[in-house]
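Architecture at a glance
Okay, here's what each chain looks like letter by letter:
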Amino acid sequence: MTLAAYDGTNAPTVKVQFLKSGTWTDVLSADTRQVHYTRGRQRPDLSIDPGRATIVLDNHSGIYDPDYTSASTWVVSGASILNAGLQMRVVLTWSGTSYVTYTGIMESPDVDAGFDANVTFTFIDHLAQISAVTLKALPSYQHNLETTAARVGRILTAAGFTGTTSLSGTLQMQSTTEGLNALTLIGQCVDAQAGAFYISRTGVATLIQHTDKFSRPTQLFFDDLQSTNSIEYDNIKTQPGILQLVNRAIITRGKLKQKTSTYQPSVTKWGVTRTKEVEALLANDVNAQNLAAFYARKNANYDATGLPANKWTTVSQIDFCALALGALYPDFLACELFDQVRVHRLTVDGRSLTMYLVIEGMDINITPDDWRCTFYTSPMNPYRMTI
């Protein structure tokens, strides 16, 4: 069975495309057995992993074998292009609009030449390539007062990234001698502005600030009551809010330079539950103190008046099926990391809970008879401040 049944009627058409001689070229849907990709992270306290994809193709024709050299779509100048380094993207089309939902580079082909001939191609996104580069050490400290966006852009260039960027960040950094892994250096900028760095679904290297989440669209509403314009989830994983509670932060700005902040109302009620420790090489003391204050309050469990609130329940994982979403497909297909979603839950004892979340990661698996999706989420905490 293949994905040819995804014909745009009950679900979007699903196309895998390879970049051939500068042109995106479709893989036959009749040959596509499975499309599976993951992006982001499972928890907000983890690093964002490179996006990975596996594409399984029917190979009874033999044309997807990297050793195939006869005339075919994938043979150029007598050699197959289906080898490491080939660019790929997944394109889903609904109601005449196409959405790129994953972009990556071939890591390896795995050919099964048995009775059920198939090939499994593995892809990674550019985050993996960036993380493989270590920048040379500079002869002296340089680039003092460089903004986070400017520094990330310079590091990406030094790491050989030539794609499109979208970099947001105005905080000034201390001078640096570099000599570290490119992703480690980018991580210093991410930590300095409590933001995130990832490769978007369309392949754009993206740096965001913590305040950017307030301007992101709310894409989807998940419900267990089949409400209008909602997606019915199969399963959600919830956790008591005390597990996420952080009410003390220590920001380190280099040797013997620390800024500490404690959210006292929360400590009075709960005690110091967890301390967030961050190395943020900010050039300005005030920015570092504000960053400490942000981390100490972000998950400190307070209500609208600023007083300690009761523990709250949050959702860390949403499992659902993406078949037959109808008018909700545009929002679903456009979903990006750190977009907002909303979950409604009716508990077994009759309590109605609504939780506002951001997408930390996603796991999408499209097969001929199912389309399984998992969103990994964290609380869309309303707290914000100028760092």
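Please refer to the structure higher up on the page.
Because the structure is predicted, anything quoted here is derived from the model rather than measured.

**What to know about the packing of aromatic side chains**
Here the structure, examined in full by the defined rule, presents 14 aromatic pairs. Consider the rings of F222 and F320, whose centres lie 4.9 Å apart with planes at 55°: the pair is tilted. With a gap of 98 residues between them, F222 in strand β17 (residues 218-223) and F320 in strand β23 (residues 313-321) connect regions that are remote in the sequence. F320 sits in the buried class, given a relative accessible area of 0%. Both rings, one in F222 and one in F375, keep their centres 6.1 Å apart while their planes meet at 85°; by these two values the pair is edge-to-face. Of this pair, F222 sits in strand β17 while F375 sits in strand β26 (residues 370-379), and the two are 153 residues apart along the sequence. With respect to class, F222 is no different from F375; both count as buried.

**Here we look at unusual backbone geometry**
Located in the positive-phi region is H143, a residue other than glycine, with phi close to 65°. Along the chain, H143 falls in the loop between β10 (137-142) and β11 (146-147). The residue Q226 is not glycine, and still its phi comes out positive at about 55°. Considering the arrangement of structural elements, one finds Q226 in the loop between β17 and β18 (231-232).

**A closer look at the nonpolar core**
Counting residues in hydrophobic clusters, the biggest one holds 94 residues, and the most contacted among them are F18, F197, F222, I318, F332, W371 and F375. In this structure F332 touches L220, F320, A322, L325, W371, C373 and F375, once residues within four positions along its chain are discounted.

**Some thoughts on helix α5 (residues 285-298)**
In this model, α5 (14 residues) spans 20 Å end to end at C-alpha, consistent with the 20 Å of a helix rising 1.5 Å per residue. Of the surrounding elements, those touching the buried residues of α5 are α3 (182-192), β20 (248-252), β21 (258-262) and β22 (275-279).

**So, the sheet that holds β20**
Ordered in space as β21-β20-β22, the three strands form an open sheet in which the pairing is mixed. Every interior strand has two partners, whereas the edge strands, β21 and β22, have only one. Mean inter-strand twist for the sheet, computed between neighbouring axes without regard to direction, equals 15°. In terms of strand pairing, β20 meets β21 through five bridges, oriented antiparallel. Across the sheet, A249 pairs through a bridge with S261, a residue of β21. Sitting on the sheet, α5 is in contact with β20, β21 and β22, with an inclination near 35° to β21.

**Some details on the pattern of salt bridges**
Inspection of the entire model under this criterion finds 12 salt bridges. The network of salt bridges with common partners includes E146, R151, R154 and E178.

**As for the sheet that holds strand β15 (residues 196-199)**
Spatially, the three strands line up as an open sheet ordered β12-β16-β15, and their pairing is mixed. The strands lining the two open edges of the sheet, one partner per strand, are β12 (165-167) and β15. Averaged over neighbouring strand pairs, the angle between their axes works out to 10° when direction is ignored. Relative to strand β16 (residues 205-208), β15 is paired through four bridges, and the arrangement is antiparallel. Paired with I199 across the strands is A205, a residue of β16. Those strands touched by helix α2 (residues 148-158) are β12, β15 and β16, and its axis lies near 155° from that of β12.

**Focus on the packing of α2 against α3**
The contact between α2 and α3 brings their axes to 10 Å, and the two run at 170°. Between α2 and α3, the angle falls in the class roughly antiparallel. Here T148, R151, V152, I155 and L156 of α2 lie close against α3, whose contacting residues are A182, L185, I186, C189 and A192. Residue composition of the contact of α2 with α3, by class: eight nonpolar, one polar and one charged.

**What about α2?**
Taken together, the buried positions of α2 are occupied by T148, A149, R151, V152, G153, I155 and L156. One or two steps after α2, the chain reaches G160, where phi turns positive at roughly 90°.

**A closer look at the side chain of T374**
Checked against the element boundaries, T374 lands in strand β26. What makes T374 buried here is its relative accessible area of 12%. Separated by 2.8 Å, the side chains of T374 and D319 make a polar contact. In this view, T374 contacts Q317, I318, D319, G361, M362 and D363; residues no more than four positions away in its chain are not counted.

What counts, and where the lines are drawn
Residues numbered from 1 in each chain as written. Predicted model: local features only at pLDDT ≥ 70, side-chain atom pairs only at ≥ 80, totals over all residues. Heavy atoms only, no water. Phe/Tyr/Trp six-rings, centres within 6.5 Å; stacked < 30°, edge-to-face > 60°. Helix = DSSP H or I, 4+ residues; strand = E, 2+ residues; numbered from the N terminus. Buried < 20%, exposed > 50% of the residue type's maximum accessible area, 1.4 Å probe, protein only. Core = buried A, V, L, I, M, F, W, Y, C linked by side-chain atoms within 4.5 Å. Contact = heavy atoms within 4.5 Å. Expected span 1.5 Å × (residues − 1). Pairing = 2+ DSSP bridges. Axes fitted to C-alpha atoms, helices over the stretch in contact; angles between N-to-C directions. Salt bridge = Lys/Arg side-chain N within 4 Å of Asp/Glu carboxyl O. Parallel < 35°, antiparallel > 145°, perpendicular 65-115°, else oblique. Nonpolar A, V, L, I, M, F, W, Y, C, P; charged D, E, K, R; others polar. Polar contact = N/O pair within 3.5 Å; in protein donor to acceptor, adjacent residues only side chain to side chain.

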